[in-house]
Amino acid sequence: MSSVAVLTPESFAEHRSGLRDQEITGGVPEDEAYIPTYLEAFPPLPENRGNLGDKSGELGRAWSTKIRPIRASVITQVFNVPLEERRYKDNSQFGDGGEEAKVCLDIMQRTGAHIELSLAKDQGLSIMVTGKLDSVMKARKEIVARLQTQASATVAIPKEHHRFVIGKNGEKLQELELKTATKIAIPRPDDPNLNIRITGTKEGIEKARHEILLISAEQDKRAVERLSLEKAYHPFIAGAHNRLVQELNRETGARISIPPPGLHKDEIVITGEKEAVALAASRIQAIYNDKKRKTTTISVEVKKSQHKYIVGPKGNSLHEIMESTGVSVEMPPLDSASETIILRGEPDKLGPALTQVYAKAKSVKVVEVTAPAWLHRFIIGKKGQNIGRITQQLPRVHIEFTDGEEQISLEGPTEEVEQAQVQIQGIIRDLLVRMDYTEVNIDQRFHRHLIGKNGANINRIKEQYKVSVWIPQEPDRSGLVRIEGDPKGVQLARKELMEVAHRMENECTKELSVEQRFHRSIIGQKGEKIKEVRDKFPEVVINFPDPAQKSDMVQLRGPKNEVEKCSTFLAKLIQDLVENTFSLSITIFKQFHKNIIGKGGANIKKIREETCTKIDLPAENSNSETIVITGRKNNCEAARDRILAVQRELVNTHPLFSLVTIPAKLHNSVIGSKGCLVRAIMEDCAGVHIHFPSEGSGSDKVTIRGPAGEVERAKRQLLLLAEEKVRRRHLSSLESQLEGQEAPPPQENGNASLEGETVPRRCDIITISGRTEKCELAKTALLALVPVTEDVQVSYDLHRYIIGQKGSGIRKMMEEYEVNIWVPPPDQQSDVIKVTGQMASVERAKLGLLERVRELQAEQEDRVGTRPVYWNKHTGTSSRSGVCALYSVRIILRYLIPFPVHRSPDVIVISGYERNTEVARSAIEQLVSALQEMVNQDVHIDPRTHARIIGARGKAVRKAMEEFKVDIRFPQPGSEDPGRVTVTGLPDCVDNAIEHLLNLEEEYMLSVTETETMAAYMKPPSRYRGSDGGGPDDNGGLAAKGFVVRDAPWNDKAPDMSSAEDFPTFGAGAAPKQTSAWGPKKF
């Protein structure tokens, strides 16, 4: 049983006194310290509070004081999935590579929650989900659905209760699914099935089933009553402004639903508790019976246009009549042509109600004012300014304009309508005097030219002549353009529009078919060429299609004569382009390309100039042999003949074609990896090109082209290479046959031969194939790559100088000589340094290492003895500024200055070259003289404020030291005087810093005192503390231990994190890394 309680000092003192009485009466000796158990000190809440006495009731009230929960924004939920319910039971891939981990990763990305998985000893799955409440609930639902096997069950509840399970907008159902981590399927309203299907885990299904049954049980207590009463009497039940039905709702506690006036339905629905529904139904039935007995009706005819004034805004006028007379006014539907209004009520009330109906019908006057339709927008004014002034003065007048009609409707109180009519008629007369309009019929296909690009043309006309121009929209298919404004401006605008239309009628549009590949040539670089054409024909507009459209049509628009001239000019230009863009390709041996180009490109340049063609050769590093010639057809053919003549001449002087037969199955092995073998032959035989047939052709013919002598040489090498490949294949087949025979047992480092010699293992043998001399070279190169290790004798005292600061010296040597240098650890005190690497590199590294040793030995011989510098302790050797300054001197002189620890505490010994030691001595003496001016001053600061003064990671105290240029030292934990703070620096700076520290102490002590006061109030009193605060025994008795209980939950033994039983490991441990002479592996 768990409980939450509020423990006040009074209730706790009373509780402790009760414990004291119990232990005395229980026979426990007074001199022994009795420790209560957890249940005695914190008893559980009583289940039946009514049976407690007065004292127990007081304690119960103290325990039951509600504490407002403070909920964290981030929560954690832990739940388990038993082995039999796990969807993925393959434990071999548990972890990052398992399906469960992949599913959790996907859920984390979609919900934003953090998920941790662990495997219990019983192979059950423990899942911890952390995050915000919504994210945790969604993640838990998905985890259960995807990691746990799903079961299903059904629960049957009445059909009318289904909607309460769903809730408003499905919110209740969503909340229930998240809470139980299940999927709940409810039948559709038109489905007679009563069963609700629940899918999820067994635990979730039980929770969801329980919640659904609780909702159904709650609804069983409610009732629904439907009363069928005539629609005409509904207003009497609802009352004026629905006040009567609202009062019934409050008095009975039921909910009464009356159909709105526009819905022709007689049924009134009452819902709620059974007693409340019955009471409300009886009250409504009584009202209905009373009104049906007492009321009568009369009918009157009122114009349909006046009905809306009787109804009023939102039916307020009808409610006013009902409230004042108690009579219901029934209006015919708006879509009905009937003008009959029925009044229903008590006979003596019908007369006053009829008077109010007629008064409201005649309270509004409707007047129509005639004005030309084109003037309506000027009457309204810019942004409704003119009409706005009238409606502000006469807010109850409604003014309505109808498009296309000349009537303006005014509606409102009689006097205000007459005033508005006079003002609008005055505006109309004024506008007719100073405004005019005209209409021009212009073909609709010219409208876009009248408007211009982005409305440039039409806007210019409007601003220039101060008129408004109305051009019909395309869907209207009308050519009538309307001009309104000043009479003179209207005539000028009309004249200009007519001139534009006349000019457009003489224009024509022509489309010219031009291949898209010529478009860029016609336009030219940065449009220079097309600009020349447009300058030549300024009245013609030339439009090229978008390149993405892949269209060949170029559009010309302008005067007919100019368009024809421009079309003829462009056709001639295109014809020239077609003639000049004829192209042909010829294949020339790659080795002859340089002969065709000539020295400095002389040959190819000459051919280009004489034939007026463009000749493109492939790049030098390309394998293509195709040369492309572009220009006029006859010129291209002449250039081709000249290039082929050059090739024929070279072929006659260099016979260079040969065929070699090599089986197709050997082609890949002869070519080698990425063509390395055949490329080596071509490089060895200068100018030779070897061509193998395409893969899958089945041809055995290999073509060799090049100089005669080199072709024969390449042919011999290819045949030798093919023979070698055949021989190696034969040897491989023999070895595979031998491997099938019984072999002697392998030894540790190889196989033992009959003579007892160790035979190398096959995996240790590298086979080299090729010509003899090149194989020997490759063997020598491979052996040179095998790493060796050499020992170098270096005195142990010099090791630290060879290593250098942070290993910089040894690292520089390893990078320079490309070796690995191993220096023994200091605890071995060995003089042997190992150098590993290639033989040549190791030799160079040995020489470099020995050279470095000689330099260090010579340097030691040149060094002088010690030079003492006296260091006065009173200058503050512990001062941080002094130590930092000494380090600065040490770094500048680049020599070691040991601190005074082994010799006299007042002496610093400087070792190094004589000239450097003199400089160091001078620098340190200057430093000492500067430090002698500093003072040390102690100030007492309350230890409780030290942490705040220091700040997070010392940020606050560092800022103070920098600001006041002092050093502030706080006492170490456990110091004899925990409040002593030492400030070191110049006297003025020390005084200012101390004043600053005292101000901070005063400020922080306020909050410290307040915190301690609250803590003292919340801390329970000690068992042994008396009224004076002393202990039980002032003469050496034990101090009070505070409040102690036995068998408390926090006294349980914590799990041992090093125990394999409490924290089992998953998978095998990682194998130790193996070091290699080649250095660390790089991935």
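What counts as what
Residues numbered from 1 in each chain as written. Predicted model: local features only at pLDDT ≥ 70, side-chain atom pairs only at ≥ 80, totals over all residues. Heavy atoms only, no water. UniProt positions renumbered as here; feature names shortened; annotations may be inferred. Pairing = 2+ DSSP bridges. Helix = DSSP H or I, 4+ residues; strand = E, 2+ residues; numbered from the N terminus. Axes fitted to C-alpha atoms, helices over the stretch in contact; angles between N-to-C directions. Contact = heavy atoms within 4.5 Å. Phe/Tyr/Trp six-rings, centres within 6.5 Å; stacked < 30°, edge-to-face > 60°. Buried < 20%, exposed > 50% of the residue type's maximum accessible area, 1.4 Å probe, protein only. Salt bridge = Lys/Arg side-chain N within 4 Å of Asp/Glu carboxyl O. Core = buried A, V, L, I, M, F, W, Y, C linked by side-chain atoms within 4.5 Å. Parallel < 35°, antiparallel > 145°, perpendicular 65-115°, else oblique. Left-handed = near helix turned anticlockwise from the far one by under 90°. Patch = residues over 30% accessible without salt bridge, like charges linked within 9 Å, V, L, I, M, F, W, Y side chains within 5 Å. Areas by Shrake-Rupley, 256 points an atom, 1.4 Å probe, with all protein chains shown as cover. Nonpolar A, V, L, I, M, F, W, Y, C, P; charged D, E, K, R; others polar. Expected span 1.5 Å × (residues − 1). Arc of directions from axis to C-beta. pLDDT = per-residue confidence, 0-100.

By the naming in an unreviewed UniProt entry, the chain is Vigilin, taken from Esox lucius. Looking at the Function (unreviewed entry) heading of the UniProt record, one finds this comment for the chain: "Appears to play a role in cell sterol metabolism. It may function to protect cells from over-accumulation of cholesterol."

Chemist: Explanation requested: the sheet that holds strand 24 (residues 626-631) in the structure shown.
Modeler: What links the strands of a sheet is backbone hydrogen bonding, and the strands pair in either a parallel or an antiparallel sense. If you walk across this open sheet you meet the three strands as 22-24-23, and the pairing is antiparallel. Taken across any chain shown, the strands that pair with only one partner, and hence form the sheet edges, are strand 22 (582-587) and strand 23 (614-616). Ignoring strand direction, the axes of neighbouring strands in this sheet form an average angle of 20°. In the sheet, strand 23 pairs with strand 24 via three bridges, with the strands oriented antiparallel. Its bridge partner lying in strand 24, Asp616 is registered against Val628.

Chemist: Could you clarify how one ought to interpret the sheet that holds strand 3 (residues 125-131) in this entry?
Modeler: Within the open sheet, the three strands sit side by side as 1-3-2. Their pairing is antiparallel. In this open sheet, the two edge strands, each paired with only one partner strand, are strand 1 (75-81) and strand 2 (114-119). Taking each pair of neighbouring strands and ignoring which way they run, the sheet shows an average axis angle of 15°. Bridge count for strand 1 against strand 3 is seven bridges, and the pairing is antiparallel. Residue pairing in the sheet places Val81 in a bridge with Leu125 of strand 3. Across the sheet, helix 4 (residues 99-111) lies against strand 2 and strand 3, angled at about 165° from strand 2, the strand it touches most.

Chemist: What exactly am I supposed to notice about the packing of aromatic side chains here?
Modeler: Each pair of aromatic rings is reported with the distance of its centres and the angle of its planes. Counted by the stated rule, this structure contains three aromatic pairs. Their ring planes at 40° and their centres at 6.3 Å tell us that Tyr233 and Phe236 sit as a pair that is tilted. You'll find Tyr233 and Phe236 in the same group, each marked buried. On the numbers, 5.4 Å between centres and 85° between planes, the contact of Tyr233 with Tyr288 is edge-to-face. Placement of Tyr233 in the loop between strand 7 (222-228) and helix 9 (234-238) and of Tyr288 in helix 11 (residues 274-294) is noted, with a sequence separation of 55 residues between them. Taken individually, Tyr233 and Tyr288 each receive the classification buried, so the pair is uniform in this respect.

Chemist: What am I meant to see in the pattern of salt bridges here?
Modeler: If the charged atoms of two oppositely charged side chains come close together, the side chains can form a pair. Enumeration according to the criterion identifies 27 salt bridges in this entry. Measuring nitrogen to oxygen at the nearest pair gives 3.2 Å for the salt bridge that ties Asp290 to Lys294. Residue Asp290 and its partner Lys294 are located together in helix 11, separated by four residues, close to a single helical turn. Judged by relative accessible area, which is 24%, Asp290 ranks as partly exposed. Where Arg482 meets Glu484, a salt bridge forms, and the shortest distance between an N and an O atom there is 2.5 Å. Neither Arg482 nor Glu484 differs from the other in exposure class; each is buried. By sharing partners, the salt bridges in this structure join Asp106, Arg110, Glu142 and Arg146 into a single network.

Chemist: Explain the nonpolar core to me, please; I cannot follow it from the model alone.
Modeler: Residues Leu227, Leu229, Ile237, Ile256, Ile270 and Ile284 are the most contacted members of the largest nonpolar core, which totals 22 residues. Breaking this core down by element, the ones donating at least two residues are strand 7, helix 9, helix 10 (243-252), strand 9 (267-273) and helix 11. Per-element accounting of this core gives the leading share, seven residues, to helix 11. Ala371, Ile390, Ile408 and Leu431 belong to the second-largest nonpolar core, a separate cluster that totals 20 residues.

Chemist: Teacher, can you tell me more about the packing of helix 13 (residues 316-325) against helix 14 (residues 347-361) here?
Modeler: Each pair of packed helices gets described by two things: the angle between the helix axes and the distance between those axes. Axis separation between helix 13 and helix 14 bottoms out at 10 Å; the angle between their running directions is 155°. It follows that helix 13 is roughly antiparallel to helix 14 by the angle criterion. Classified by chirality, the crossing of helix 14 by helix 13 is right-handed. Contacts from Ser317, Glu320, Ile321, Ser324 and Thr325 of helix 13 reach helix 14 at Lys349, Pro352, Ala353, Gln356, Val357 and Lys360.

Chemist: Where do I start with a nonpolar patch on the surface in this structure?
Modeler: Together, Ile766, Ile768, Leu782 and Leu785 line one region of the surface with nonpolar side chains, adding up to about 330 Å² of accessible area. Tracing the backbone through its elements, the reader meets Leu785 in helix 30 (residues 772-785).

Chemist: Even after reading the chapter, I still don't get the side chain of His946, so can you show me in this structure?
Modeler: The topology assignment puts His946 in helix 36 (residues 946-950). A residue is classified by how much of its surface remains accessible, and His946, at 9% relative accessible area, is buried. The residues touching His946, leaving out its near neighbours within four places in the chain, are Ile941, Phe970, Pro971, Pro978, Gly979 and Val981.

Chemist: Which parts of the structure should I look at to understand the environment of Ala353?
Modeler: Position of Ala353 relative to the elements: it lies in helix 14. For the pair Ala353 and Ser324, spaced 29 residues apart in the sequence, the C-alpha separation amounts to 8.3 Å. Look past the residues within four positions of Ala353 in its chain and what remains in contact with it is Ile321, Thr325, Val327 and Leu343.

Chemist: Sorry, what's going on with unusual backbone geometry here?
Modeler: Residues apart from glycine generally show negative phi values, whereas peptide bonds are mostly found in trans. Non-glycine residue Gln829 carries a positive phi angle of around 50°. At Arg953, a position not held by glycine, the phi torsion is positive, near 55°. By the secondary structure assignment, Arg953 is in the loop between helix 36 and helix 37 (955-964). Note on Arg953: relative accessible area 82%, which makes it exposed.

Chemist: What is the right way to look at helix 16 (residues 385-393) in this model?
Modeler: Taken together, the buried positions of helix 16 are occupied by Asn386, Ile387, Gly388 and Ile390. Contact partners of the buried residues in helix 16: helix 15 (376-380), strand 14 (398-401) and helix 17 (414-434).

Chemist: Would you mind going over the packing of helix 7 (residues 171-180) against helix 8 (residues 202-220) with me for this structure?
Modeler: Orientation of helix 7 relative to helix 8, taken along the N-to-C sense of each, is 145°, at an axis distance of 9 Å. Pair helix 7 / helix 8 crosses with right-handed handedness. Counted together, Lys172, Leu176, Lys179 and Thr180 of helix 7 and Gly204, Lys207, Ala208, Glu211, Ile212 and Ile215 of helix 8 form the full contact between these two elements. Residues of the contact of helix 7 with helix 8, tallied by class, amount to four nonpolar, two polar and four charged.

Chemist: Teacher, can you tell me more about the pairing of strand 3 here?
Modeler: When a strand is regular, its side chains alternate between the sheet's two faces. Counting buried residues in strand 3 gives five out of seven residues, a clear majority hidden from the surface. Connecting strand 2 to the next strand, strand 3, in antiparallel fashion are five residues, including Gln123 with a positive phi near 65°.

Chemist: Just checking my understanding: could you explain helix 4 for this structure?
Modeler: Count 3.6 residues to each turn of an α-helix, and residues three or four apart come out pointing the same way. The end-to-end C-alpha distance of helix 4, which contains 13 residues, comes to 18 Å, matching closely the 18 Å that a straight helix rising 1.5 Å per residue would cover. Within the span of helix 4, buried status applies to Glu100, Val103, Cys104, Ile107 and Thr111. Down the axis, helix 4 shows its buried residues gathered within 100° of arc, on one side only. Looking at the buried positions of helix 4, the neighbouring elements they touch are strand 2, strand 3 and helix 5 (133-147). Taken from the residues just after helix 4, Gly112 is the one with a positive phi, measuring 85°.

Chemist: Would you mind showing me how to read the confidence of the model for the chain here?
Modeler: If pLDDT is low for a region, its predicted coordinates should not be looked at in detail. Per-residue confidence for the chain gives a mean pLDDT of 76; residues scoring 70 or more make up 79%. A low-confidence stretch, residues 1-32 (pLDDT under 50), is modelled with 31 contacts involving residues beyond four sequence positions or located in other chains.

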